[in-house]
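Listed here are the chains, written in short residue letters.
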Amino acid sequence: VVKPVRQAMPFFVKKPAADAVRPARISVAAPPEDIAVHSKIADLRETHALQQLRTFTRWWNSVLKSRGIKIEDLLTEVSPGVNPIALYEELSGTFLRKYHKNPPSRFQKLENQNLFLRSLKEKGLRLVNIGAEDLVDSNRTLILGLTWTLILRYEIQKYGASEQELLRWVKACTLGYKGVDIASWGESFNDGLAFCALLHKHDPSCLGYDALKPADGHGNLEKAFTTAEGRWGVPRLLEPHELAGPDPTDAKSVITYVAKLKQAFLDREAEMMRRLKEEEAARAAAVRAARQAELKRMADELNTGVDAWTKWTKDKTAGFDKGARDAPALKEEAAASAREGLKRFRATEKPPKAADKARLADLFNRLRGEILADAMAAANEGYTPTVSEAQIAACAPEVVGAHWAEMERAEREYEEALRRRLGAAEAERRAKATDDMLGALTGRANDLSSWLADQTRKMRDDTKSLGGPDDLAKKQAGLDKLLTDEKPPKLSDTEELDRELRELGDRFVAEGRPAPPDLSGKLAEKWSGFDDAADALARALEEARAKKAREASEAEMDRKQASNEADSNGWLDKVAKKAADFDKAVATGDTGKTRDETQAKLNELRNGFQGHAKPAWAAERAAIDDGRRDVDARRRAEARPPAAWKPPNDALTAGWAKLGQAEREYEKALLDKLGALAEAEQERLRRAALKEKALADISGELPPLIYRRKVEKAAAAAAAEAAATAKAVSEWAAEQRADLEARLGALGSDPTAAPEGPLAALDAFGEGDKADRRRALLGARAAAVEALAARQIQRAGGGGPAEEASAVALPTAEAAWSAMEEAERRLKHVLQARVTRAQGAALEWERLQRGVGRVTAWLDASTPQRMRTEIGNSEGEAGALLGEARSTAAALELQAEAVAALAPLAARLARDEEFGPRAIECFAQVEAVPSLATPMADRIVKLEQELERQRRLTAERLAFGNATSALEAAIVQAQELLGFPVDTVDTPEIIHRLRELGDKRASELLPPEGAEPPAIARAQAAVDAWRELASDLPARAAACEAAHRAALAAQKLQEDYVAAAEAFDKWHAEVVALLSPPATAGAVAASDVLRAAAIAMEQLPVGEAHARAAGVAARQMATYNIAQNPSVLTLSHMAAALDQLRNLLSALHAAARDAPTNATVPTARIVAALEDLAAGTKLSPSQLGGELGLVPEHVDFLSSEMDHAMAPKSFDPFPADRQPVPALPLPKVTLDLRAHGLSVIEHVNKARKEPNNYAARLEADLTGAYDSHIFTCPPSWGGRKLRTAEGEPALHDLLRTLRVAPGNLPVLRLVSALDDAAQQLAEELGAGAASSTPLVNRLQARGTFSGSAGEAVVYGVRQPEAIAAQLLLSDGDEQRRNRSFLLNGELKVAGFGLADHPEHGSVCVLVFTSLFATPIHEPAEVECQAEPSELFMRIIDAIPSDQARDIATDALVLGKKVKLGYKPGAVDITVTERDGSQRCSTLKWA
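Residues numbered from 1 in each chain as written. Predicted model: local features only at pLDDT ≥ 70, side-chain atom pairs only at ≥ 80, totals over all residues. Heavy atoms only, no water.

### Here we look at the overall build of the protein chain
Counting secondary structure elements, the protein chain contains 44 helices and eleven strands. Its C-alpha atoms give the protein chain a radius of gyration of 63 Å, more than 25% over the compact-globule value 35 Å for 1486 residues. Dimensions of the protein chain, computed from C-alpha atoms along their principal axes, come out at roughly 230 × 100 × 60 Å. Counting across all 1486 residues of the protein chain, residues that qualify as buried make up 45%. Across the protein chain, the centroid of the 199 positively charged side chains sits 4 Å from that of the 222 negatively charged ones. (Helix = DSSP H or I, 4+ residues; strand = E, 2+ residues; numbered from the N terminus. Rg over C-alpha atoms; globule rule 2.2 N^0.38 Å. Buried < 20%, exposed > 50% of the residue type's maximum accessible area, 1.4 Å probe, protein only. Lys, Arg positive; Asp, Glu negative; His and termini not counted. Charge placed at Lys NZ, Arg CZ, Asp CG, Glu CD.)

In structure tokens, the structure reads:
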């Protein structure tokens, strides 16, 4: 049969027979090179075929060795077919029965070969292009191909490998062996190292691989083949020279040998497994017997142990239950001892029992597992178990755990009972400590109260018993010593006591007890009385000294007046007598009997009288006039009426004129008798008369002008001094501004500089040098205003130093001052902001750093666990990894919670200018921590999927550990809150939540079955630590709450102070502008100056109210330890400004009293007199003094006020006198009715709260103010005179009422709506309306009122103190209705109104009600804690219920959070308690 040729399988190509007809070929001569190549390839193929033949022959022998067959010539010995069938039977394990064992013929051989090939095909071998005849004919190529196919099937593919897989196996086994690099089946094996590596890999002891030499291929191969054959029985299919020789290696030969090696390795392993199984079977039989015995022993041990353990737990449960019942009756020492015993139980006795419980549970589980395993083995192997599961059912962990849980329940209840008992003891001890503190503070408060009461009484007694100058000096010295030496330390003690009392109040709140007595309020009342008494005594001393000085001055002036009048009478007597003598001489003709005698009389008249006596008398008259002018000026300064001179000035002038007339008549008579009355003499007499009259006019009219000029010059000098002061202050302010700005710049360049020192220096600067300079500037401004007003009142014209000071120097200085204060304000703001950061942001930054540090430390420590990726190769490994992952995830969750807690802190710090960048960078280190949870969760899922079953005890232990970690995290947070408190971050809510969380975690932290003693000890230590810390958390929460309230109060107080300071500054500037006349005005009317002063006097209480409000805020800030003044305007500055205004008002009143009257007449008379004098004397002006006998002051004044030619008409000292004085356009200063009303209510509240103190002060102020029915208001009330109906008896009646009044009435509070109602009535009364709107109508138009209501009206007074006093006096009203309204305790809110009145000047109205609700017409919602906001108070004022108001305000006072939800006609009040619970109240009204 001719078969087709397959070129793809060259080994299966059938050689053509020798006699076969070959196809014709065309002979083509090939190149010599191609012939050589083909020859070489043919040789190579032949070499490979021969090597394969040798190898395959050896392979046949290795297979047939068990049959004793050894083949020498494979091609020949295969031909009969017997050996192939034997090979098949060995390879397949199948025996072929029908074949020819000794085939004699070719046919039988073919049958054998066909059987062989058919059997191979039945085994699935695919044979192509091979037949029985090929084998019979010994076809080498096909025999070798068939052999290779068998090797592939039964040597290589038998173990599921292909040539490539076998090669990969060789590579894997020899990986890492030096000198072995498997690239192919050929030359890679020639040096023998690969074979040695394979052998060494499977048995390192078979040969020393490191001693092999790569160059000794033959030796290596020999060693490998020998070792393989000797150690593993691998037939020697190859020889060293076949691989190490020059001929190329046949790959199939190598593959065949390697396959044998692998088979040998696998067979060795199979043999070992077989032996192990046999040994295991024998061991299992022995173990079964031992297990049966062990199960019996374990069951006995379990039952015995559980019985003893159960008895112990039941005994402990009973003991704990009894202890819990007896705990409330234990003494504190016994309870503490019992708690220590409980701690010892947990530390020493309980852990071993817990370990026993775990051990028993483990024993039960192991025993149960063994029982189940034994039952399954018995079912499989057919024997009867000796121990059943029912025998240990009573020892199950569930049963044991129930006993343990019951004991722990009793243990917890016992512990809780002890805790409650000790807590009650601690509360009693703390309450006692609090009461002791209250007692000590009460003692200190009583001591202070006693001191204040003694000093107040002493000052009041001193006020009532003022004596002479020595007594005044002694009492002033005593007052000064009291205020400067004794008061400051007592005031500091009071502030410290206020702080301690506030802390005491916080303790009462923390203990849930009612608030302690208001000792601070009582001390404040005592201090108010002390200050009132000190002010009253200071005023009384000042007034007494002024009175003494005034009386002394008046007495001196009275003496001067009497002396002047005596001199005047003497002078007038001389003048009258001399005039009478002249008249008598003329009447009697006593002019001389002879011409000589007449001439002598004429000479005596001219030389003696006219030359000497008369000029001396004129000088005496001038001295008398000067004295009278001095007395009149002093009397004006003392506000006394002009002196009633006796003799009057007119009498003196008339006497002098009569003397001149008589003198001239006498001289004329003498001249007539001499016959010398010629025209020249008549002219001389006429000139003499003119001179006489002119001198009289000059002497009479010139002094007021001289005085005006003196006033004007004094004002100019004062203005010049003020300008110099202003210039000095301006230069100083500019220097300070530069220094302050430099310090501010230095702060900017050094953001870490400590602010406390610079801030203290700035405060010292404000109270030191700056205060002195401010007083100097205020004084300069007052002096300039006074000088300008004095100059303009004297009509001295514009210009001059006063105008320069007011228009240039002072505005420049004040601008420089403002710029300096702005620099100071900015520097103070930066410093105070740094202080705030040091107290807030710096601590917050520290808290953030600490928190981030803990998280990053955990991140670093947990990196190996978080980065692990393996999931384990066994259940144990997977369980361990899952436990690790879960623990890491739990810790990660806690760290994420920590990061979440740090996030608001980081966000808060991010807005801070200094810490913002650092906080952002710091927080960025842990910001991604929450995102780590997802990959960790994924890992846990993978591990859970890998670990199908987790042991219950392992899970419980893990949960126990996680719960312990959670409690430890709460402990860390509590330690942070207690050990590193940050009041700007910590809140009571945070602490309460932490307490609840920690208590919950501690109560749930129960050791599970099988918990290890170290874990139990760790958990118990955590519980003990938590309970110790938890007892301190309520105090910390109370401290946080107190700090929060203090911070809110501090912020409110600082805002109040700043508002009061700014209002005062604005008010002061307006009043100074009101009192400052225009610098360019030439003259101003005294009435306008007095009108401006009167308006300023009305405004003075407004400034005082602002200063008092600032003072109250400052004192309260001191009690909160707020040492930083939030404004550049200090209390001392305000006091200095008020003193400036009071002094300025006094100076302006004095300047107005010096205003000239009929100013234009004296100038005209003096000009006329100067002209008459010039006509009567014919003398030059320079001779006025020497020739005419004018006093030097008059001559100097005339010389300074006339031109160089001394022309009479050039005398014009005050040109403005000829012009009408324009009305002064006063700036509009609106009275702050709200501030004015607050001041009035403040005085009313003093009478309501401290009636005795108020009575004492009122008595001191009004004693001596009555003159029958005429009441003279004290200067502080405006100084007006009022006609009263009763006079002083009304005062005595009021004092009696106040001294028996109980006091401590509710404080009246101004309500805007009631202000409007009061103002409406005041305006109606001021407008003279025939009828006024009833009170009910006015109230109903503005809201809702309930309880009592009324109103009080007073006329003629504007000062707040005067309004309150006049209303309380209720003069002329027998029922004292106004007084009854003001002292009615049911009235709690008020309104104030003030308007001008055409008859009385003013009308004031006060409206009172018990309750008034001002509606809000739109919904509103607000939430406050500790301090009410403006909207909160608006809503409170809109609620028409005292009870509802008290619910909100009382909760706010206690520091609770209060939320008001308002809508017209209803309000919801929500109070959040300290434990987070809420109380809600709803009120609805029509």
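So, next bit.
### Digging into the sheet that holds strand E8 (residues 1420-1425)
Taken together, the four strands give an open sheet; going across it, the order is E8-E9-E10-E11, and neighbouring strands pair in antiparallel fashion. Edge positions in the sheet fall to E8 and strand E11 (1478-1484), since each has one partner strand and no second. If you compare each strand with its neighbour and ignore which way they point, the axes differ by 15° on average. Relative to E11, strand E10 (residues 1466-1472) runs antiparallel, the two being bridged by seven bridges. When the bridges of E11 are listed, aspartate 1468 appears paired with threonine 1482. This element, helix H43 (residues 1430-1438), spans E8, strand E9 (1457-1463) and E10 of the sheet and lies at about 115° to E8. (Pairing = 2+ DSSP bridges. Axes fitted to C-alpha atoms, helices over the stretch in contact; angles between N-to-C directions. Contact = heavy atoms within 4.5 Å.)

### A closer look at empty space enclosed by the protein
The full count for this structure, using the stated rule, is eight cavities of 30 Å³ or more. Empty space within the largest cavity amounts to approximately 170 Å³. Around the largest cavity sit 16 residues that line it, and Arg346, Lys350, Leu1005, Leu1006 and Gln1020 are the ones nearest its centre. Among the elements of the structure, helix H12 (332-381), helix H13 (397-464), helix H28 (988-1003) and helix H29 (1013-1030) are those that each provide at least two residues to the lining of the largest cavity. Ranked by residues supplied to the lining of the largest cavity, first place goes to H29 with five residues. Residue composition of the lining of the largest cavity, by class: seven nonpolar, two polar and seven charged. (1 Å grid on protein atoms, 1.4 Å probe; cavity = no way out; pocket = protein on both sides within 12 Å on 5 of 7 lines; lining within 4 Å. Points joined across faces, edges and corners; volume = space filled by probe spheres on them. Nonpolar A, V, L, I, M, F, W, Y, C, P; charged D, E, K, R; others polar.)

### Side note on the nonpolar core
The biggest cluster of nonpolar side chains holds 84 residues, and the ones touching the most others in it are Leu1075 and Leu1258. Looking at this core, the element that brings in the most residues is helix H31 (residues 1086-1119), giving eleven residues. Of all hydrophobic cores here, the second largest spans 76 residues; its members include Leu87, Leu120, Leu144 and Leu237. (Core = buried A, V, L, I, M, F, W, Y, C linked by side-chain atoms within 4.5 Å.)

### Comments concerning unusual backbone geometry
Between lysine 646 and the following residue, proline 647, the backbone shows a cis peptide bond with an omega angle of 0°. Following the sequence through the fold, proline 647 ends up in the loop between helix H16 (595-637) and helix H17 (649-674). For asparagine 1304, which is not glycine, the phi torsion reads 55° and is therefore positive. Note that asparagine 1304 resides in the loop between helix H38 (1288-1300) and strand E4 (1309-1310). Here the phi dihedral of arginine 1376 falls at roughly 50°; this positive angle occurs in a residue that is not glycine. Counting through the fold element by element, arginine 1376 comes out in the loop between helix H41 (1360-1369) and helix H42 (1377-1382). Judged by its relative accessible area of 13%, arginine 1376 is buried.

### Side note on the confidence of the model for the protein chain
Scored by pLDDT, the protein chain comes out at a mean of 81, with 91% of its residues at no less than 70. Scored below 50 in pLDDT, residues 1-28 makes 28 contacts in the model with residues more than four places away or belonging to other chains. (pLDDT = per-residue confidence, 0-100.)

### Observations concerning the sheet that holds strand E6 (residues 1389-1397)
Judged by pairing direction, the sheet is mixed, and its four strands sit side by side in the order E4-E6-E7-E5 without closing on themselves. The open sheet has two edge strands, E4 and strand E5 (1344-1355), and neither has a second partner. Examined bridge by bridge, E4 and E6 share two bridges and lie parallel to one another. Looking at E6, one finds that leucine 1310 is bridged to alanine 1390. In the packing of helix H36 (residues 1233-1249) onto the sheet, the strands contacted are E4, E6 and strand E7 (1401-1413), and the crossing angle to E6 comes to about 120°. Sitting on the sheet, helix H39 (residues 1312-1326) touches E4, E5, E6 and E7, and the angle it makes with E6 is about 25°.

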